[in-house]
Amino acid sequence: MSKLIKLSNFFIFSFALLLLFLTNNYSNISNSILAVLPDSKDKQILQAYSKYYDSKTLFVSFENLPKELISKIEQELQTIKEIKKESFYNNSLFEYKNKNQLLLNNLNEEKLKNIDIKKELQTIQDSLLNSFFPLIINKYDPLNLFVKKEQNLQIKDVSLYKINKEINNLDSYKKLYEKIKLIEKRYPEIKIFSTVFYFVENSQAIKDDVNKIIILAFLILLTLYLFILRNIFLLLNTLTTLATSAIISTIVITTLFSEVSIFVLVFGLSISTVAIDYMFHHYMHGYYVEKKRFNKEVFFGFFTTFIAFFIISFVSFPLIKQLAIFTIISLLISYLHFSFLYPKIAFSFREKGFKKSFDFSINKFYILSFSTIIIVISLFTITFDTNLRNLDYQNKKLDSLNIYFQEKLKHTTTIPVLIETTTIDDLIKKYKIIKKELPSLNSSLDLLISNSKFEEKKSLLENKEFRALKEKLIKESIALGFKKEYFQEAYTIEEKPSYSFEKLKELNINFFKYKNKYYLFINIETSSYEAIKEYEFIKALSMNLLFKDSLNKVKDEILILGVISLILIVLLILFITKKESLFALCFLLFPLAMILTYSFFTAFNILHLFMIFVILALSIDYAIYSSKGLDINTRKAILYSLLSTFAGFGVLVFSKINSLYSIGIVATIGVLAISFLLIFLKRSSNEN
């Protein structure tokens, strides 16, 4: 039985690992930045759009290259079956524009006012007689009274390729990416870009970065534990417990959420090191050598931390909720192991010398006064960064290519949006609302003729002035020798064009269907978005905007729950530490003040804010431990757990991913602040 107890930790780990593979929930883990967005309707639409055929384009620049080389490269590109060169000529669109030009184009009133019909007809006749090739006369507008809106769709030195709609997952992106890069390697003179490249390159960069961080953290922690514990059996059990807590937390979090960001797991591996102080405080005080009374200080430290993250878990923003739940489960599993299982397993304690070498100390009132001033000042100076891109891996090479092609396409100040609709009539009505707000907007939807526009043009062409013009046109043309019926169709419209969604596709109007609704794509000026964003039928195709809007919706919620959590923490500290409450509050306020000092130099993002709660949770534990009696073993336990936490979180400052770096820098500042207090804060009579 004794042997089974000693091996029980490893049995629990094996069961948890088996359960992880059986549930297969790890397939829910995503390295896409989309995973941090709330699972809202807008996010689902954005994901549906990302799989839409017309949403994926490949841009190729042949700037300053000879035609022969361009032709050769394009031939090679056309051998890639996953892409197809986009043609700017559309026969259906040409016929539609030609047939409905009187409805689509604007009347040149100045020309109409000064028109010389006989002279115009003479020019047409001369062109017909003198042309070596058959000349096509505009039978609907022979006098060119309606101004055509010319759009030069062809982009100089740039070819566009549509990516096959079947290419919509990471594996297929990688295969296409590799084929394109082989061609690019042979012809370094060209520039090739697609948003698909972000999925491939960022995914690999994040994977490499995460693996590097995990390996580095593991090596540092392993070295640290070997030096501190000098007990291989305890070390193996400790690592097994931390792994078990991370695995069970992963199972829970991936069961509760259909998509979990890989950042949550990396953070979770680091947060597991926080629980190491539960082990150190039991181990350093001999709880694993002989049977002792229940360790209330460790329980109070765990309980206050648990309560703080439990409150934060009610935030509706999924990234915060996932991080909080992961932390709760991880700390709970570790606490149960270190507090109840390890005393039964029993571990020998090896004393290691420890000497305080600093005689200089600072009075707690100075610490509290300084901290309060910094916190108050920061409340008026702190700024927040709601840009989602600033949390992702910064792919500077692709960003520069993106800017290059945006400038080529003259899209530097536009934002893509979708119009949600169910019918063509509803679409035209909604687009009319947008045009009223943004009169200068140009879109492919301008091709659609509304009932009011049709009636307006019909009324114009049937008025007295146009009837007289048409009569004179026919009279003068007959006089010049034209057949009577030659200009019979001029300036006449009979019926409004009929539309269907299939017809829109023929006219190069991009749309896709999702859950019985149609979503049509348009580009608008970024500065104009504010004027139309409140309309429910407008859906922004911007992860950054969705992230910003989501944060704005929950910022009050985060603030309220954060304040509640902080008040509860302070009350618990006052209740637990009693006479030493001011001493204990130093461990809460000073780390917070030091972190907020960092906000003087940079805007805080959502992970900076969340990491503050992690540091406060650490501070609670150390405040309770220190105030209850700071003997040599307590000091050693705090120092060792600080080193462990620093090794777990501190390595994140080496990450190239801003989200992980944000966690690492706040953790580093917080741990250093707590270490400073441990060394320099003037003790009360509780110090031995």
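Report follows, based on the coordinates. (Residues numbered from 1 in each chain as written. Predicted model: local features only at pLDDT ≥ 70, side-chain atom pairs only at ≥ 80, totals over all residues. Heavy atoms only, no water.)

**Let's talk about the overall build of the chain**
Helix and strand content of the chain: 26 helices and 12 strands. Radius of gyration (C-alpha) of the chain: 35 Å, far over the 26 Å computed for a compact globule of 688 residues. Put simply, the chain has 688 residues, and 51% of those count as buried. Sequence-distant contacts, at least 24 apart, represent 83% of the contacts inside the chain between residues at least 6 apart. Taken together, the 83 basic and 64 acidic charged side chains of the chain have centroids lying 7 Å from each other. (Helix = DSSP H or I, 4+ residues; strand = E, 2+ residues; numbered from the N terminus. Rg over C-alpha atoms; globule rule 2.2 N^0.38 Å. Buried < 20%, exposed > 50% of the residue type's maximum accessible area, 1.4 Å probe, protein only. Contact = heavy atoms within 4.5 Å. Lys, Arg positive; Asp, Glu negative; His and termini not counted. Charge placed at Lys NZ, Arg CZ, Asp CG, Glu CD.)

**Here's the deal with a nonpolar patch on the surface**
Judged by side-chain polarity, Leu-559, Val-563, Ile-567, Leu-568, Leu-571 and Leu-574 come together as a nonpolar surface patch covering roughly 510 Å² of accessible area. Following the sequence through the fold, Val-563 ends up in helix α22 (residues 543-577). (Patch = residues over 30% accessible without salt bridge, like charges linked within 9 Å, V, L, I, M, F, W, Y side chains within 5 Å. Areas by Shrake-Rupley, 256 points an atom, 1.4 Å probe, with all protein chains shown as cover. Salt bridge = Lys/Arg side-chain N within 4 Å of Asp/Glu carboxyl O.)

**Concerning the sheet that holds strand β6 (residues 158-163)**
Reading across the sheet, the 4 strands line up as β3-β6-β2-β7 and stay open at both edges, with antiparallel pairing between neighbours. The open sheet terminates on both sides in strands that have one partner only, identified here as β3 (83-85) and β7 (191-193). Between one strand and the next, the sheet's axes are offset by a mean angle of 25°, whatever the strand orientation. The strands touched by helix α3 (residues 67-77) are β2 (57-61), β3 and β6; relative to β6, the strand with the most contacts, the crossing angle is about 5°. Of the strands in this sheet, β2, β6 and β7 are in contact with helix α16 (residues 396-409), which crosses β7 at around 95°. (Pairing = 2+ DSSP bridges. Axes fitted to C-alpha atoms, helices over the stretch in contact; angles between N-to-C directions.)

**Here we look at empty space enclosed by the protein**
Counted under the stated rule, the structure contains 2 cavities of 30 Å³ or more. Quantified by volume, the largest cavity comes out at close to 60 Å³. Forming the walls of the largest cavity are Ile-312, Val-315, Ile-320, Ile-558, Ile-606, Leu-609, Phe-610 and Phe-613. Each residue belonging to the lining of the largest cavity can be placed in one class, and the counts come to 8 nonpolar, no polar and no charged. (1 Å grid on protein atoms, 1.4 Å probe; cavity = no way out; pocket = protein on both sides within 12 Å on 5 of 7 lines; lining within 4 Å. Points joined across faces, edges and corners; volume = space filled by probe spheres on them. Nonpolar A, V, L, I, M, F, W, Y, C, P; charged D, E, K, R; others polar.)

**A few points about the sheet that holds strand β9 (residues 414-421)**
Spatially, β10-β11-β9-β12 is the arrangement adopted by the 4 strands of the open sheet, whose pairing is antiparallel. Looking at the sheet topology across the chains shown, the edges are occupied by β10 (511-514) and β12 (538-540). This sheet shows a mean twist of 35° between the axes of neighbouring strands, independent of strand direction. Strand direction decides the pairing type here: β10 and strand β11 (residues 517-525), joined by 4 bridges, are antiparallel. Looking at β11, one finds that Phe-511 is bridged to Leu-520.

**A look at a positive patch on the surface**
A cluster of like positive charges, contributed by Lys-292, Arg-293, Lys-296 and Lys-578, occupies part of the molecular surface. Owing to a relative accessible area of 57%, Arg-293 belongs among the exposed residues under this scheme.

**A look at the packing of aromatic side chains**
With the rule as written, the count across this model stands at 41 aromatic pairs. With a centroid separation of 4.4 Å and 0° between ring planes, the pair formed by Phe-302 and Tyr-335 is classed as stacked. Here Phe-302, found in helix α13 (residues 296-312), pairs with Tyr-335, found in helix α14 (residues 318-345); they are 33 residues apart in sequence, far enough to count as distant. Take Phe-302: its relative accessible area is 7%, and that puts it in the buried class. Residue Tyr-335 is classed as buried on the basis of its relative accessible area, which comes to 4%. An aromatic cluster is built from Tyr-278, Phe-294, Phe-299, Phe-300, Phe-302, Phe-303, Phe-306, Phe-310, Phe-314, Tyr-335 and Phe-340, whose rings are joined through pairwise contacts. One residue, Lys-191, lies across the ring of Tyr-404, its end atom 4.9 Å from the ring centre. Lying across the ring of Tyr-287, Lys-292 places its NZ or CZ 5.5 Å from the centre. (Phe/Tyr/Trp six-rings, centres within 6.5 Å; stacked < 30°, edge-to-face > 60°. Lys NZ or Arg CZ within 6 Å of the ring centre and 35° of its normal.)

**Examining the pattern of salt bridges**
Under the defined criterion, the tally for this structure stands at 12 salt bridges. A salt bridge links Lys-212 to Asp-209; the nearest nitrogen and oxygen atoms lie 3.6 Å apart. Of this pair, Lys-212 and Asp-209 both sit in helix α9 (residues 196-229), 3 residues apart, roughly one helical turn. What makes Asp-209 buried here is its relative accessible area of 5%. Note that Glu-530 and Lys-533 form a salt bridge whose closest N and O atoms lie 3.2 Å from each other.

**Remarks on the packing of helix α7 (residues 117-130) against helix α19 (residues 464-479)**
Relative orientation and spacing of two packed helices are given, respectively, by the angle between their axes and the distance between those axes. The N-to-C vectors of α7 and α19 enclose an angle of 50°; their axes lie 10 Å apart at closest approach. The orientation of α7 with respect to α19, classified from their angle, is oblique. Two packed elements cross with a definite hand, and for α7 against α19 that hand is right-handed. Across the interface between the two elements, Ile-117, Lys-118 and Leu-121 of α7 pack against Leu-469, Lys-472, Leu-473, Glu-476 and Ser-477 of α19. (Parallel < 35°, antiparallel > 145°, perpendicular 65-115°, else oblique. Left-handed = near helix turned anticlockwise from the far one by under 90°.)

**Comments concerning the packing of helix α10 (residues 232-256) against helix α12 (residues 276-284)**
Axis separation between α10 and α12 bottoms out at 11 Å; the angle between their running directions is 150°. It follows that α10 is roughly antiparallel to α12 by the angle criterion. As α10 packs across α12, the resulting crossing turns out to be right-handed. Contact residues: Leu-234, Thr-238 and Leu-242 in α10; Ile-276, Met-279 and Tyr-283 in α12. Its residues placed into classes, the contact of α10 with α12 shows 5 nonpolar, 1 polar and no charged.

**As for the side chain of Thr-57**
Tracing the chain through its elements places Thr-57 in strand β2. Within the structure, the side chain of Thr-57 is placed 3.2 Å from the side chain of Lys-162, a separation counted as a polar contact. Setting aside anything within four residues of it in sequence, one finds Thr-57 in contact with Leu-160, Tyr-161, Lys-162, Ile-163, Phe-193 and Ser-194. (Polar contact = N/O pair within 3.5 Å; in protein donor to acceptor, adjacent residues only side chain to side chain.)

**Observations regarding helix α18 (residues 451-461)**
Taken together, the buried positions of α18 are Phe-454, Lys-457 and Leu-461. In an axial view of α18, the angular spread of the buried residues amounts to 70°, which keeps them on one side of the axis. Structural note: α18 exposes Asn-451 and Glu-456 on the side pointing more than 90 degrees away from its buried face. Of the surrounding elements, those touching the buried residues of α18 are α5 (101-104), β5 (146-147) and α19. (Arc of directions from axis to C-beta.)

**Concerning unusual backbone geometry**
Phi is positive for Asn-64, close to 65°, though the residue is something other than glycine. Counting through the fold element by element, Asn-64 comes out in the loop between β2 and α3. What makes Asn-64 exposed here is its relative accessible area of 71%. Phi angles above zero are rare outside glycine, and Lys-515 is one such case at about 50°. Secondary-structure assignment places Lys-515 in the loop between β10 and β11. Relative accessible area serves as the criterion here: at 59%, Lys-515 is assigned to the exposed category.

**Concerning the side chain of Ser-565**
The residue Ser-565 is located in helix α22 in this model. Ignoring sequence-local partners within four residues, the contact set of Ser-565 consists of Ala-308, Ile-311, Ile-312 and Phe-613.

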